[in-house]
Amino acid sequence: MTLEIKDLYVSIEDNLILKGLNLKVNGGETHAIMGPNGTGKSTLAQICMGHPSYKIESGDILLDGESIVEKTVDERSRMGLFLAMQNPIEVPGVTNFDFVKAAVQTRMAKDEHLRIGRFILKFEKASQDLKMGQGLAHRFLNQGFSGGEKKRNEILQMKMLNPRFAFLDEIDSGLDVDALKLVGENVTEQKSPNLGLILITHYQRLLDYIVPDFVHIMINGKIVMTGKEELIKHIDQEGYDWVKKDLGIDDEDKKPYSLGTCPSKH
Amino acid sequence: MEIVKYLVNNPNLIAFDNQEIINNAKIFIKNNHLLFRSGKEFFIFLDNYDKYSELNLDIKENQNIKIYLITYQSRNFKIKYNFNVSSNAKLEVFTNFLSKRKTTASIALDFTLGENAYLKLLNALTFKGRIELSSLVNLNGKNAKTEIELLNVGGNDSEYFVNQTVNHNEIATLSDINNWLISTDNSKLKYTVTGKIVKGMEHSKCHQSNKGIMLASDSEIMVEPKLLIDEYDVEASHGAAIGQMDELQLYYLLSRGLSVQEAKSLIITGYTNPFINMINNQEVAKQLTSQISRLIRRKTNNE
Ligand SMILES: Nc1ncnc2c1ncn2[C@@H]1O[C@H](COP(=O)(O)OP(=O)(O)O)[C@@H](O)[C@H]1O
Ligand SMILES: [Mg+2]
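Residue positions are given per chain, counted from 1 along the sequence in the order it is written. Chain A is the first chain written and ligand 1 is the first ligand written, with later ones labelled in order. Totals for whole chains, interfaces and linings use every residue, but because this is a predicted model, local features are given only for residues with pLDDT of at least 70 and side-chain atom pairs only at 80 or more, for both listing and counting. Excluding hydrogens and water, the side-chain figures rest on all heavy atoms present in the structure.

**Quick word on the overall build of chain B**
Threshold: Helix numbering and strand numbering both begin at the N terminus, where a helix is a DSSP run of H or I of at least 4 residues and a strand a DSSP run of E of at least 2. Here the globule rule is a power law, 2.2 Å times the number of residues to the power 0.38, and the radius of gyration is based on C-alpha atoms. In what follows, residue pairs with any heavy atoms lying within 4.5 Å of each other are defined as contacts. The protein chains shown are the only cover counted for residues, whose accessible areas, like all others here, come from Shrake-Rupley with a 1.4 Å probe. When charges are tallied, Lys and Arg are placed among the positive residues and Asp and Glu among the negative ones, while His and the ends of the chain are skipped. In plain terms, the charge of a residue is placed at NZ if it is Lys, CZ if Arg, CG if Asp and CD if Glu.
For chain B, the helix and strand inventory stands at four helices and 19 strands. In terms of C-alpha radius of gyration, chain B reaches 20 Å, essentially the compact-globule figure of 19 Å for 303 residues. Dimensions along the principal axes, computed over C-alpha positions, put chain B at roughly 55 × 55 × 30 Å. A separation threshold of at least 6 residues defines the contact pool for chain B, and within that pool the share at least 24 residues apart is 79%. For chain B, the accessible surface area stands at approximately 12700 Å², while carbon and sulfur atoms represent 45% of it. Across chain B, the mean location of the 34 positive side-chain charges is 5 Å away from that of the 33 negative side-chain charges.

**Quick look at the interface of chain A and chain B**
Interface extent is often summarised as the accessible area lost during association of the parts. Formally: Once two parts are put together, the accessible area they lose, assessed with a 1.4 Å probe and summed over both, is termed the buried area. Any carboxyl oxygen of Asp or Glu that lies within 4 Å of a side-chain nitrogen of Lys or Arg is treated as forming a salt bridge with it. When residues are sorted by character, Ala, Val, Leu, Ile, Met, Phe, Trp, Tyr, Cys and Pro go into the nonpolar class, Asp, Glu, Lys and Arg into the charged class, and all the rest, Gly among them, into the polar class.
Across the boundary between the two partners, chain A contributes 31 residues, which contact 17 residues of chain B. Taken over both partners, the interface formed by chain A and chain B buries close to 1900 Å², and the fraction arising from carbon and sulfur atoms is 66%. Looking only at chain A, the three residues that lose the most surface to chain B are A:Asp74, A:Ile89 and A:Phe99, adding up to 24% of its buried area. Our count for the contact surface shared by chain A and chain B stands at one salt bridge. Across the pair B:Arg256 and A:Glu154 runs a salt bridge whose closest N-O atoms are separated by 2.7 Å. If you list the elements that add at least two residues to the side of chain A that touches chain B, you get helix H1 (41–49), helix H2 (73–78), strand E6 (81–84), strand E7 (91–95), helix H3 (96–105) and helix H5 (147–161) of chain A. When the residues that make up the side of chain A that touches chain B are grouped by side-chain class, the tally is 17 nonpolar, eight polar and six charged.

**As for the packing of aromatic side chains**
Two aromatic rings are characterised by how far apart their centres lie and by the angle between their planes. The criterion, for reference: Centre distance within 6.5 Å is the pairing criterion for rings of Phe, Tyr and Trp, where only the six-membered ring of Trp is used; planes under 30 degrees apart are then read as stacked, over 60 as edge-to-face, and the remainder as tilted. Whether a residue is buried, partly exposed or exposed follows from its accessible area with a 1.4 Å probe, protein chains only, as a fraction of its type maximum: under 20%, in between, or over 50%, in that order.
All chains considered together, the criterion is met by 12 aromatic pairs over all chains. Pairing B:Phe83 with B:Phe111 gives two aromatic rings, centres 4.5 Å apart and planes at 15°, and the pair type is stacked. A residue pair is termed long-range when its members are at least 10 positions apart, and B:Phe83 in strand E8 (residues 77–85) and B:Phe111 in strand E10 (residues 103–113) qualify at 28 residues. The same class applies to B:Phe83 as to B:Phe111, namely buried. Members of the aromatic cluster, connected to one another through ring pairs, are A:Phe97, A:Phe119 and A:Phe123.

**Side note on the nonpolar core**
Quick note on the threshold: Put simply, a nonpolar core is a bunch of buried Ala, Val, Leu, Ile, Met, Phe, Trp, Tyr and Cys residues held in one set by side-chain atoms that sit within 4.5 Å of each other.
A:Leu168 and B:Leu253 are the most contacted members of the largest nonpolar core, which totals 124 residues. The residues contacting B:Leu253, other than those within four sequence positions of it, are A:Val91, A:Phe99, A:Leu141, B:Leu258, B:Ala263, B:Leu266 and B:Ile267. Counting residues in each nonpolar core, the second largest holds 54 residues, with B:Phe83, B:Val93, B:Ala105 and B:Phe111 among its members.

**Details of the packing of H3(A) against helix H4 (residues 116–129) of chain A**
Residue and element names in this part refer to chain A. Short version of the rule: For every element, the axis is a line fit to its C-alpha atoms; helices are fit only across the contacting stretch, and the angle between N-to-C directions ranges from 0 to 180 degrees. These descriptions rest on fixed angle ranges, namely under 35 degrees for roughly parallel, over 145 for roughly antiparallel, 65 to 115 for roughly perpendicular, and the rest for oblique. The sense of a crossing depends on the near helix, which, turned anticlockwise from the far helix by less than a right angle, makes the crossing left-handed and, turned clockwise, makes it right-handed.
Contact geometry for H3 and H4: axes closest at 12 Å, N-to-C directions at 120°. Considering their axes alone, H3 and H4 lie oblique with respect to each other. Judged by the sense of rotation from one axis to the other, the crossing of H3 with H4 is right-handed. Note on element contacts: H4 touches H3 through Ile116, Phe119, Ile120 and Phe123, opposite Asn96, Phe97, Val100, Lys101 and Val104. For the contact of H3 with H4, the class distribution of residues is seven nonpolar, one polar and one charged.

**Some words on the packing of H3(A) against H5(A)**
Residue and element names in this part refer to chain A. Closest axis-to-axis distance for the H3/H5 pair is 10 Å, and the angle between their directions is 35°. Between H3 and H5 lies a crossing whose hand is right-handed. Side by side, H3 and H5 meet where Asn96, Phe99, Val100, Ala103 and Val104 of the first sit next to Asn153, Gln157, Met160 and Leu161 of the second. Counted by class, the contact of H3 with H5 contains six nonpolar, three polar and no charged residues.

**Regarding the sheet that holds E8(B)**
Residue and element names in this part refer to chain B. To keep things clear, this is the line we draw: Pairs of strands are assigned from DSSP output, requiring at least two bridges between the strands.
Taken in spatial order, the nine strands make up an open sheet running E3-E4-E6-E8-E10-E12-E14-E16-E18, and their pairing is mixed. Among the strands making up the open sheet, the edge pair consists of strand E3 (28–30) and strand E18 (220–229). Here the average twist between neighbouring strands, direction ignored, is 10°.

**With respect to the site of ligand 1**
All names here are of chain A. Selection rule: Throughout this document, a residue counts as near a molecule or strand when at least one of its heavy atoms sits within 4 Å of that molecule or strand. Side-chain atoms alone can form a polar contact between residues adjacent in sequence; in general such a contact is a pair of N or O atoms within 3.5 Å, and within protein one must be able to donate a hydrogen while the other accepts it.
In the region of ligand 1, the neighbouring residues are Ile12, Glu13, Asn15, Ile17, Pro36, Asn37, Gly38, Thr39, Gly40, Lys41, Ser42 and Thr43. Between an oxygen atom of ligand 1 and a main-chain N or O atom of Thr39, the distance comes to 3.1 Å. In the environment of ligand 1, an oxygen atom lies 3.0 Å from a nitrogen or oxygen atom belonging to the backbone of Gly40. Contact with the protein chains hides 65% of the accessible area of ligand 1, taken as 560 Å² for the molecule alone. When contributions to the shell around ligand 1 are tallied by element, the ones reaching two or more residues are strand E2 (15–26) and H1.

**Overview of helix H3 (residues 260–277) of chain B**
Residue and element names in this part refer to chain B. Here is the rule we go by: A helix's residues, less one, multiplied by 1.5 Å, set its expected span. The bend reported for a residue corresponds to the angle between axes fitted to the seven residues ending at that residue and the seven starting there.
The end-to-end C-alpha distance of H3 is 25 Å, a good match for the 26 Å that 18 residues give at a rise of 1.5 Å each. The sharpest bend along H3 reaches about 35° and sits at Tyr271, with the proline Pro274 one to four residues further on. Taken residue by residue, H3 has Ala263, Lys264, Leu266, Ile267, Ile268, Gly270, Tyr271, Thr272, Phe275 and Ile276 as its buried positions.

**Looking at the pairing of strand E5 (residues 41–47) of chain B**
Residue and element names in this part refer to chain B. Across the seven residues that make up E5, a large majority, six, are buried. Sheet analysis places E5 next to strand E7 (residues 64–73), joined by six bridges and oriented parallel. Along E7, the bridge assignment pairs Leu46 with Thr71.

Below, the structure written as structure tokens:
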């Protein structure tokens, strides 16, 4: 079980954002991607999901060795990709319940029937686990939700859909300490050899609750450094400047840096 | 007569067609006047009844009733309904004008509201053919209020010409119009929505909102909102949002595995449900839901 991103170049509206990104995630692994704002972290997650605004210039995305770049968004989802979005979309009029039910049903085999009682119990359990409150099922999808509620709702969906590879894009922003702990527990609980996790964040605090196996630092559209937990502390204390300095990355003129030392894992 | 099945045995039904009037509800009828004496809920069904070109409906003072006006025509027709809503009366009218095949219809709904009267008008439009609908509300009594909700799901390449007018002829009168418009194919929806506050009618409020989704490349939705305000001390607003389906909403649903068809119909259902939920009668709501889903399914399946 692998998700592999190979020398990926991605643009949006003619701006090149990802500039030769490499990443390989195996089942059971948790990877953290850290990096300053605007560096292309969300772009990476969105292009893997198939967001219509982003364009692949070159490179490939492989799921279990098979390229998915020609697959539609819904196909990718049904193949097991999941993205907890940085800014979950509000869909007025569509209830959470109908939405999650449709998402679960669409994954079932043609001759399979949704057992509605069981589904309701599972939904209510997930809703309680994430402290979403009583009326969640009948509230409209993300409409009028607080920032934190939207994030927790993404994790609820993840629990209901059991993805194989999940990107969690700044799932920590907008969460207070208690909510962060709750989300951390709920995600950690789902860790298994059948789930590869990619956590996108620029704070250390999320990684106190969901412990990563690998930490990548992303700057200017590519991963420039890979390490383990010790990297988190370093960044938390000193920011990204030392990385740029160490690697001779110049922010001002975004010239390509010629370092052969960006260790690509695996 | 071919009364739709779910209404046939309804004790609150009055049905008209060429041959006969079936008056289960025992409504008092004199010429073309219907007088509602007691009772809460009535169903008026018209099927090719062309004896009257006008029908007058009188709602007495302090009365509180709901009327479901359902027509099911196979021929072209033209009719005007005059509702006289007396002081302190509360009236809710649901309309659904249906056609068996493509026909032409011209329908006028005129309401006059007395002091403290309240009108809630729910117009469902899934008509097949070409329909001109005009609704005119005269708020003639102080504190008279109206709320108008309209859901138009255009299909079968039909044409809808709708003219809605509310006149604020007294002080402290309120109106709120919400139109939900969907064109599923190359059907045309043309709306003129007018709110008028006459000089001196202070403390009045006049609001309208028009939302539209065009599902096909040749869909047409045109709305002309008009606010004619001749008084300073009032509130008035109009909003319009008409366009294709929101691409980000679609992407979000797709990213959870829903097919394009599933996602689109869920978004449209989200759009039509608030209207359907306002219908008190479950059977009427159910009928409308299935009419709409037939139109939507036709569309989303084609892709
Ligand atoms: N719609 C857009 N049009 C043009 N540029 C965009 C658009 N969306 C994002 N960008 C740019 O792409 C870059 C990467 O953005 P993003 O992937 O969101 O970064 P991060 O998630 O690391 O903060 C930023 O410089 C941003 O300004
Ligand atoms: Mg981001």
